[in-house]
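# A closer look at the structure
The chain contents come next:
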Amino acid sequence: MSTIATKVLPPERISTDPIERKLYSRDVAPVPEVITGAFLRTTPDAVVRPGNSEQVAALLREATRARVPVTTRAAASTGFYNTVPVRGGLVLDVNDLRGVVRIDTSRKTVRVLPATTWQELDDALSTYGLATMSYPSSAVSATVGGWISTQGHGIGSLRYGAVADQLVELEVALPDGRLTHVDAKSFPPMGWFTEAEGTLGVITAAELSVRPRPEAESIHLLIFDEGGELADAIRSLARWEPRPFTLTFADPGYFALLSGAGFRTPLDPTQHPYLLLACFQGDPRLVGRARNAVARLHHRELPPEMASEEWGQRLYHLRVKRAGPSLLAAELWMPLSGLAGYLRSVARLSSAVCLPVASYGVAVSQDWAMVMSVYPADERRKLAYLCAIGFTKRLHDLGARNGGRPYGVGLWNTAYLPRLFDRDRLAELRSRKAALDPAGIMNPGKLYGTPLPLRAPLFGPASWALSTLFVASSRRRQ
Amino acid sequence: MKWVASFDGLAQEAAICAYCGYCRAVCPTYSAVGWESCSPRGRVHLARMLLEGVPLSPSQAARIYHCTLCGRCSEVCATGIDLRRFWLEARKTTAERALGPAGAEEAVRQAVLSGNIYGYDNDERAGWLDYMDEVPDSLRLGERADLVYFVGCSSSFSPRAQRIAESFVLLLGETGIQFTLLGKDERCCGYPLLAAGRLAEARTLIQENVALCREMSPSAVVFTCPACRLMWMEHYARELPGVRLLHSTEYLWALQMEGRLPSFHLESKVAYHYPCDLARSGGVYDPPRMLLNSVRGLQVLEISSPSQREECCGGGGDLEMVDPSLVAELAVRRVSRLAGTGADAIVTACPQCVRTLSRGAEKAGCQVEVMDVVELLARARL
């Protein structure tokens, strides 16, 4: 396998070391080998580190010729196995394609390499009085290329849209070895790559629109007694003009878990607060009107210093993992109209099964939010952890009942493929794949089809059985 | 820092690690090496493998030492792990399994045998005083004094770093304050042994220094080396109640505030490099900067990018003993960034940073001068 790489790269950029390869066989979600070993080859045969776009393209050309699977990886900061190989082959570690190439202050655009993190990009832009329009809630590690490849909704999307809306152009290495530039009008169009999760090619550079660094900022931390009040407030503020930069929220379960993990919370978690953090940015005069928007809501507001502290921790939701030590999660794309129902259902379930479930999220448009529901587990207790994994389906099912669907696909969410895409949409995606990657080398086993163990006849009953055992053990512990 | 980092044992913290990669984005050695095994999260995983009994080769285990202990990973850790402590415990575990890198083990052996990490004759510790044009009368070598200057191995033996000790002694001499050194009886503080995962072997050295310090009964011990100061704060302080442990810049700034230092004047542009063991791990940010600001004619320049302002030079955590070429690469990078501000000189407050950055400047062919704050002050005396 590494002979393909040696045609393109010097030996020091190729590793076949077993321990090294092992480290590339996971992402943020640890999955027991009893599952992965049953039907996947998650350890790559070799890891390669191209140093430039041309090397990426050449590697893809050679891999296509030899029909070797290629999985692209930068931060690997998702939990769906988007960046983990499932059929061995090469892992293409693109982290050396990192840095800002050019900042155009007059056009307000930036050309950036794909492994640059969103925080690094924003840091570089700040020197020029500019800022990114949006960024993921994992901006410290999440990369530009990774977020673009996975739809890119997060903090700032409410005001500025998905990252796809900010893209001017992408440079992409295609499986046939071509290095090409795509935009909204090209063929293939840029949009194909912003939801392909690395299955059509490798993004090797991106040009993005950016914004002037906001002159003013107004942050408000609001408390609600009910999830319904919280959802109403989000819907109301999401329609306010000027639009808030972002609205993030968390339920009482989140603060209970945070407190249990040993962190200070804005309120006593026993008060069961739903918290909404509203951030308005931009022109000082318009931002000044934010107070009017907030004042119209029926709520209590916490002091500004507490709001600032919460804002400072917006990239640190993972703190709750200390309560685990592992954390399992369902990430959902949820209509705001169904948010209250979902939060209510989760609270009811959490109470019924005696399991702390924490939900937090961000409004990404006037109608939609991304919600992460997490619960503690311990991956070191292998059997119990296996059972715990089954519980995620219950959360996904609650999401579906309230109009939601999984956010991101990768491998694990192919179990919910019918919820994600209708037949026509899936056919369209598959036709793109056939057009650009007929040999099927790019990130195979993801997105377009469901492997047998994740298909309904097996997955549903297995998840139900495992989660039933998990719930029983959780109740016993209580 | 948003909260106090926690450490509940190596196995527990390894399980808590979210593998999110926040640490990866700021790690100096990962940015140079590039393999996942050299990222902090990769090292956490390696430590976990060690604990689980996965057989690792010495070169695979050595990755745990491919770290400068700079602590940037701890600052950003999404799950609040005290990663500096994690690395020290992971190294202890590695050393216990006889997988410690040869270079680090050799330094431990030298320190235990000779009392210094270089393996020199420890009687020569204060030999640098012989090269000073004039030793201040206020230095009471071999006598008790209220102030002890703990020189450290680097400033005692490294020709480049000896100039730092000389400068500090000159500055103290200007104040007339009586002080003393531990001289030939001073032992390595133990920090390199701690970093090698061999704290147990450092115990004798610590006890010898503590006993000597008790004999002197000073009210304060002052250090030009931030690693020595950190070691004393973490492993000596409990045994020396009431003794203040201060970095040279803290001590000098206090004197400056009391008007007991001379005036300083130097027309130059300098960039300040924050030593990790002094600033991030030691909590001393302002005194060196304030001292520089007190020099008339001196312009202190800053790296524009906030995330690059406090990067490590590469010189910490015993990395020099494990992979000198990696240290050189990091130093060249750091020098380029600091020199990129347009500074004539790089100023820092740590003999190890001075040594590392000086070599980096030389390797990069960069004309910028590298010096310690006390060297600059000694030069700028009016």
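Residues numbered from 1 in each chain as written. Chains lettered and ligands numbered in written order. Predicted model: local features only at pLDDT ≥ 70, side-chain atom pairs only at ≥ 80, totals over all residues.

## Description of the sheet that holds strand β9 (residues 179-182) of chain A
Residue and element names in this part refer to chain A. Selection criterion: Here, strands pair whenever DSSP counts at least two bridges between them. Each helix corresponds to a stretch of at least 4 residues labelled H or I by DSSP, and each strand to a stretch of at least 2 residues labelled E; elements are numbered beginning at the N terminus. Whenever a helix is involved, its axis is fitted only over the stretch in contact; in every case the axis is a line through C-alpha atoms, and angles between N-to-C directions fall within 0 to 180 degrees.
Within the open sheet, the five strands sit side by side as β5-β6-β10-β8-β9. Their pairing is antiparallel. The open sheet has two edge strands, β5 (100-104) and β9, and neither has a second partner. Neighbour-to-neighbour, the strand axes of the sheet open up by a mean angle of 15 degrees, direction not taken into account.

## What about the nonpolar core?
For soluble globular proteins, nonpolar side chains are generally found buried alongside one another. To keep things clear, this is the line we draw: Here, a nonpolar core denotes buried Ala, Val, Leu, Ile, Met, Phe, Trp, Tyr and Cys residues that are linked to one another through C-beta atoms within 7 Å. Three exposure classes are used, based on other C-beta atoms lying within 10 Å of a residue's own C-beta, which is placed from the backbone: buried for 20 or more, exposed for 12 or fewer, and partly exposed in between. Once C-beta atoms have been placed from the backbone, residue pairs whose C-beta atoms lie within 7 Å are recorded as contacts.
Counting 276 residues, the largest nonpolar core has A:Ile234, A:Leu247, A:Leu276, A:Val320, A:Ala369 and B:Ile346 as the members making the most contacts within it. When neighbours within four sequence positions are excluded, A:Ala369 is seen to be in contact with A:Met334, A:Leu336, A:Leu339, A:Gly361, A:Val362, A:Ala363 and A:Val364. A:Leu40, A:Tyr81, A:Val84 and A:Tyr416 belong to the second largest nonpolar core, which has 11 residues in total.

## Some words on the environment of B:Ala211
With respect to the helices and strands, the residue B:Ala211 is situated in helix α12 (residues 199-216). C-alpha of B:Ala211 to C-alpha of B:Glu89: the two residues are 122 residues apart in sequence and 27 Å apart in space.

## Observations regarding the domain arrangement of chain B
Residues and elements named next belong to chain B. Spelled out, the test is: Residue ranges labeled as domains rest on an automatic or database domain assignment. Residue classes follow a fixed rule: Ala, Val, Leu, Ile, Met, Phe, Trp, Tyr, Cys and Pro count as nonpolar, while Asp, Glu, Lys and Arg count as charged, and any other residue, Gly among them, counts as polar.
With domains assigned, chain B is organised as domain 1 (10-99), domain 2 (104-255) and domain 3 (259-379). Computed over C-alpha atoms only, the centres of domain 1 and domain 3 are separated by 27 Å. Contact residues are listed per partner, giving 15 residues for domain 1 and 15 residues for domain 3. Mapped onto the side of domain 1 that touches domain 3, the elements with two or more residues apiece are α3 (28-33) and α6 (72-76). The greatest single-element share of the side of domain 1 that touches domain 3, amounting to four residues, is contributed by α3. For the side of domain 1 that touches domain 3, the class distribution of residues is eight nonpolar, four polar and three charged.

## Comments concerning the confidence of the model for chain B
Quick note on the threshold: Confidence of the predictor at the level of single residues is given by pLDDT, which spans 0 to 100.
When pLDDT is averaged along chain B, the result is 96; 99% of the residues meet or exceed 70. Interface confidence in the predicted complex, given as ipTM, is 0.96; pTM for the same model is 0.95.

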